[in-house]
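Close look at the chain arrangement
Spelled out, the chains give:
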Protein chains: 2
Amino acid sequence: MVRRSATGRIGIADVAVKAGVSHATVSRVMNGNFTVDPDIAARVKAAAAELKYQPNPVGRSLALGKTDTIGIVVPDLANPTFQAILRGLSRAAAQDGYRVLIADSFEVSSEEAILAGEARRRCDGLVLCAPRMSDAELEEIIPSLHPLVLINRTTAAKGVPTLVVDYGQGVQDIAEHLVNLGHTRLAFLAGPPRSASNARRLEGLDAFKAAHPQVDVTMLEGGSDFDTGHEAVDAVLESGATGILAFNDLVAMGLMSGLHERGVDVPGDISVTGFDDIPFARYTTPALTTAAVPITELGQDAWQQMRALIRQEGSDTSGSRYQPRLEVRASTGPARK
Amino acid sequence: MVRRSATGRIGIADVAVKAGVSHATVSRVMNGNFTVDPDIAARVKAAAAELKYQPNPVGRSLALGKTDTIGIVVPDLANPTFQAILRGLSRAAAQDGYRVLIADSFEVSSEEAILAGEARRRCDGLVLCAPRMSDAELEEIIPSLHPLVLINRTTAAKGVPTLVVDYGQGVQDIAEHLVNLGHTRLAFLAGPPRSASNARRLEGLDAFKAAHPQVDVTMLEGGSDFDTGHEAVDAVLESGATGILAFNDLVAMGLMSGLHERGVDVPGDISVTGFDDIPFARYTTPALTTAAVPITELGQDAWQQMRALIRQEGSDTSGSRYQPRLEVRASTGPARK
DNA sequence: TTTATGCGAGAAAGCGGTTTCTCAGTCCGT
DNA sequence: ACGGACTGAGAAACCGCTTTCTCGCATAAA
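All figures in this text were calculated on a predicted structure; none of them were measured in a lab. (Residues numbered from 1 in each chain as written. Chains lettered and ligands numbered in written order. Predicted model: local features only at pLDDT ≥ 70, side-chain atom pairs only at ≥ 80, totals over all residues.)

1. Observations regarding the overall build of chain A
- Each helix and strand counted, chain A has 13 helices and 12 strands in total.
- Relative to the 2.2 N^0.38 estimate, which gives 20 Å for 337 residues, the radius of gyration of chain A is 26 Å and therefore markedly larger than a compact globule would have.
- Across its three principal axes, chain A shows a C-alpha extent of roughly 90 × 40 × 30 Å.
- Residue burial in chain A is summarised as follows: out of 337 residues, 50% are buried.
- Of all intrachain contacts in chain A linking residues separated by at least 6 positions in sequence, the fraction that spans at least 24 positions is 68%. (Helix = DSSP H or I, 4+ residues; strand = E, 2+ residues; numbered from the N terminus. Rg over C-alpha atoms; globule rule 2.2 N^0.38 Å. Buried ≥ 20, exposed ≤ 12 C-beta atoms within 10 Å, placed from the backbone. Contact = placed C-beta atoms within 7 Å.)

As structure tokens, then:
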């Protein structure tokens, strides 16, 4: 006859009664504490097994002050980049017995701070991807979020590892590549206006323009998804540019799709580049030239940093910088003479 | 001067002291209980605001017996299908103030049961995608998982909504489409051997073969990812089939990529079809003919079912069946004469 | 034989909330 | 003026588990 506690689930008390010991002893046995008589331990284990007892994680969490869970705030779960970060993070964390709680901010920057705080309280730490949040707000909430790992944002706060992709350098590499192919009129199909990583790209473009004053670089408004690229076809054609740097791979794919519909040859008439090297970038037609970002690795590293923080290993809590690697494929070619 | 409890965080006791009331009263105020004198309530609110007090969710969870979190077990976070389910689920759940905890089983079926149990105990309910688990094991663990929503599996257990995609019908529709184009030699590039949805597809194919005895259908071993399709090129060419039904879009894309490298024209020489209609399917070259599954919607529905279960609305806890819709694009064409 | 020593397990105190129980104090009716 | 109903807030129990505290008992030393 299986006793049931008030909640209807089997608790430590049930096991204690069945084994004829106190629940303190059951706890000791379940946690491998060896100060328990082997006979009693065996009895407890038998009782636990028979009742299929599994400790209630909420009770454990309250007593231990840890949840074995970390949170991640992402602006858009539909974006392959954040999917990859999530994947890398989740898998690395799972290796150490941690689970990941998701908070999707839907690109609503006002939500990001609230979600972050809420997620943080439920978890032992937080990985924050908040590209739209203002610097001021970011700095304000950071103290309440520790242990915290920041993705693609920097902070003056100490003890907050920041994993940032060098978008500026990546954009410069791509622009150089296009120039080397003979293109003299480029266009940048920008990302969301308030995007932090877009700002980094613009800085890179400024550096590029300073180094190549003879190259004409047109700025076009854009966004971060496929449709943005698709809708930008007119603007791109009007610009007269022959080398297009899209904000990311999705935008580039949308653009190529639109250009294809117009009968514009890529890379014959126009060269198109992306950014990120999402899994599908190599399978577009033509295969997309892009700047490869080791994003799953970044997700894994985020966990490494988080683990160090949680374990309070004061050591390598610095963060790291990722250099995109230029992946030259078939979407770029020599400029038309 | 801010007092701090043992854990270093601000707790209900700190607010109680600052407001000069008992913590019971603080709890009442924080939960909008109107049996509190307005003056006192205001004092408590002021104290809470000044201390930036936020209730500890773990404490609340223990007291209330709910975590406002649901878990989802997926076999592979890199698979666009599960990403879409996760997305739909997460967004719908967020509308009702619930968060989602992820458990990635890495396609290891032996892990699925353990992960499911663990995730379930941490959460108020579980959404289970376990395509590799045996029926016997599934039935065995189901009772301990309630409230549970099953994706693409069926069960004899009552009170377990099952959301299933009619893969069998989808495969038949695709096969019919190819036959209507004049193809008489088809090949099915199968999914993982122990996949439940693959079994459904095979049943659909059997039905199709029974209805079209004159059509030759070759079975080829496969898998579920891009590389599988890419590696299957030789087998596909050897089969002599002119209409290929790939297990899913990823496999189809890999196959098209491989065929392209061999100089085989799609759909001129061979027609290729996928399954799922993942976001990129329409942007392959040629655009992929596939069976569109409303998978994000399925994720949302999963939450609706879960919510009904959690709220114990005995009503529509039935689940539903999703009919794939044939999306004819450019990867299929008339059979070569 | 008596006392110091140690070991193992039960009792109890948290962890941070919610909620029931209890009991002053107030208001009203008689 | 006295008693009953009601109101509102504090005390305490409880959620399920971990861990310290405490103490009985057994063994060893004196």
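From this point, things continue past the structure.
2. Some words on the sheet that holds strand S5 (residues 162-165) of chain B
- Overall, mixed pairing links the 12 strands, which are arranged S11(A)-S5(A)-S4(A)-S3(A)-S1(A)-S2(A)-S2(B)-S1(B)-S3(B)-S4(B)-S5(B)-S11(B) in an open sheet. If you trace the sheet from one side to the other, it starts and ends with strand S11 (319-322) of chain A together with strand S11 (319-322) of chain B, each paired once. The sheet shows a mean angle of 15° between the axes of neighbouring strands, direction not considered.
- Bridge count for strand S3 (residues 125-128) of chain A against strand S4 (residues 148-151) of chain A is 3 bridges, and the pairing is parallel. (Pairing = 2+ DSSP bridges. Axes fitted to C-alpha atoms, helices over the stretch in contact; angles between N-to-C directions.)

3. Looking at the pairing of strand S2 (residues 99-104) of chain A
- For S2(A), the tally of buried residues reaches 6 of 6 residues, placing the bulk of the element in the interior.
- By the bridge criterion, 6 bridges tie strand S1 (residues 69-74) of chain A to S2(A) in an arrangement that is parallel. Residue pairing across strands places Ile72(A) opposite Ile102(A), the latter belonging to S2(A).
- Read as a crossover between parallel neighbours, the route from S1(A) over helix H5 (residues 80-95) of chain A to S2(A) is right-handed.
- The pairing of S2(A) with strand S2 (residues 99-104) of chain B spans 3 bridges and is antiparallel. Paired with Val100(A) across the two strands is Ile102(B), which belongs to S2(B). (Right-handed = clockwise from strand over helix to strand, strands pointing away.)

4. Some thoughts on the relation of the copies chain A and chain B
- By a simple turn and slide, chain A fits onto chain B: the slide is 0.1 Å along the axis, the RMSD is 0.1 Å, and the turn is 180°. Taken together, the turn and the small shift mark the pair as related by a two-fold rotation axis. Judged by C-alpha distance, Leu101(A) is the residue of chain A that lies nearest the rotation axis, at 2.2 Å.
- Both copies contact each other with a shared surface, as 100% of the interface residues of chain A are interface residues in chain B too. (Least-squares fit on C-alpha atoms with pLDDT ≥ 70 in both.)

5. Observations concerning the pairing of strand S6 (residues 185-189) of chain B
All names here are of chain B.
- With 4 of 5 residues buried, S6 lies mostly within the body of the structure.
- Inspection of the sheet shows S6 paired to strand S7 (residues 216-220) by 5 bridges, in the parallel sense. What sits directly across from Leu 189, in S7, is Leu 220.
- With helix H9 (residues 196-211) bridging S6 and the parallel S7, this β-α-β connection has right-handed handedness.
- In this structure, S6 lies alongside strand S8 (residues 243-246), joined through 4 bridges in parallel fashion. In the sheet register, Leu 186 faces S8, and the bridge partner there is Gly 243.

6. Re the nonpolar core
- Judged by nonpolar contacts, the single largest core of 166 residues is most densely connected at Leu189(A) and Leu189(B).
- Setting aside its immediate chain neighbours within four residues, Leu189(B) contacts Leu220(B), Gly222(B), Gly229(B), Ala232(B), Val236(B), Ile244(B), Leu245(B), Ala246(B), Phe247(B), Val251(B) and Leu255(B).
- Counting residues in hydrophobic clusters, the runner-up holds 12 residues, among them Val15(A), Val26(A), Val29(A) and Ala47(A). (Core = buried A, V, L, I, M, F, W, Y, C linked by C-beta atoms within 7 Å.)

7. Let's talk about the packing of helix H5 (residues 80-95) of chain B against helix H13 (residues 295-310) of chain B
All names here are of chain B.
- It is at 7 Å that the axes of H5 and H13 come closest, and there the two elements cross at 45°. Our classification of the angle between H5 and H13 gives oblique. Along this stretch, H5 crosses H13, giving a crossing that reads as right-handed. Across the interface between the two elements, Thr 81, Ala 84, Ile 85, Leu 86, Arg 87, Gly 88, Leu 89, Ala 92 and Ala 93 from H5 touch Ile 295, Thr 296, Glu 297, Leu 298, Gly 299, Gln 300, Ala 302, Trp 303 and Gln 304 from H13.
- Among the residues forming the contact of H5 with H13, the class breakdown is 10 nonpolar, 6 polar and 2 charged. (Parallel < 35°, antiparallel > 145°, perpendicular 65-115°, else oblique. Left-handed = near helix turned anticlockwise from the far one by under 90°. Nonpolar A, V, L, I, M, F, W, Y, C, P; charged D, E, K, R; others polar.)

8. Brief notes about helix H2 (residues 23-30) of chain A
Residue and element names in this part refer to chain A.
- Buried within H2 we find Thr 25, Val 26 and Val 29. Down the axis of H2, the buried side of the element spans an arc of 105°, and every buried residue falls inside it.
- Considering only its buried residues, H2 is in contact with helix H1 (12-19) and helix H3 (38-51).
- Once H2 ends, the next one or two residues include Gly 32, with phi positive near 70°. (Arc of directions from axis to C-beta.)

9. Examining the packing of helix H1 (residues 12-19) of chain B against helix H3 (residues 38-51) of chain B
Residues and elements named next belong to chain B.
- Direction vectors running N to C along H1 and H3 enclose 125°, while the axes themselves pass 9 Å from each other. The orientation of H1 with respect to H3, classified from their angle, is oblique. H1 and H3 meet at a crossing whose hand is right-handed. Facing Asp 14, Val 15, Lys 18 and Ala 19 of H1, the residues of H3 in contact are Arg 43, Val 44, Ala 47, Ala 48 and Leu 51.
- Grouping the amino acids of the contact of H1 with H3 by side-chain chemistry returns 6 nonpolar, no polar and 3 charged.

10. A few points about the interface of chain A and chain B
- On the chain B side, the residues contacting the 34 residues of chain A number 34 residues.
- Breaking the side of chain A that touches chain B down by element, the ones donating at least two residues are helix H4 (57-64), H5, S2, helix H6 (109-122) and helix H12 (249-261) of chain A.

11. Thoughts on the confidence of the model for chain A
- Mean pLDDT over chain A works out to 93, with 96% of the residues at or above the 70 mark.
- Contacts from residues 1-5 of chain A, a stretch scored under 50 in pLDDT, to residues over four places away or in other chains number 8 contacts. (pLDDT = per-residue confidence, 0-100.)

12. Overview of unusual backbone geometry
- Put simply, His146(A) and Pro147(A) share a cis peptide bond, and its omega is 0°.
- As for its placement among the helices and strands, Pro147(A) is situated in the loop between helix H7 (135-141) and S4.
- Thr285(B) connects to Pro286(B) through a cis peptide bond whose omega is -5°.
- For Pro286(B), the location among the structural elements is in the loop between strand S9 (271-273) and strand S10 (290-292).
- The backbone of Asp68(B) sits at a positive phi, close to 55°, despite the residue not being glycine.
- Of note, Asp68(B) is situated in the loop between helix H4 (57-64) and strand S1 (69-74).

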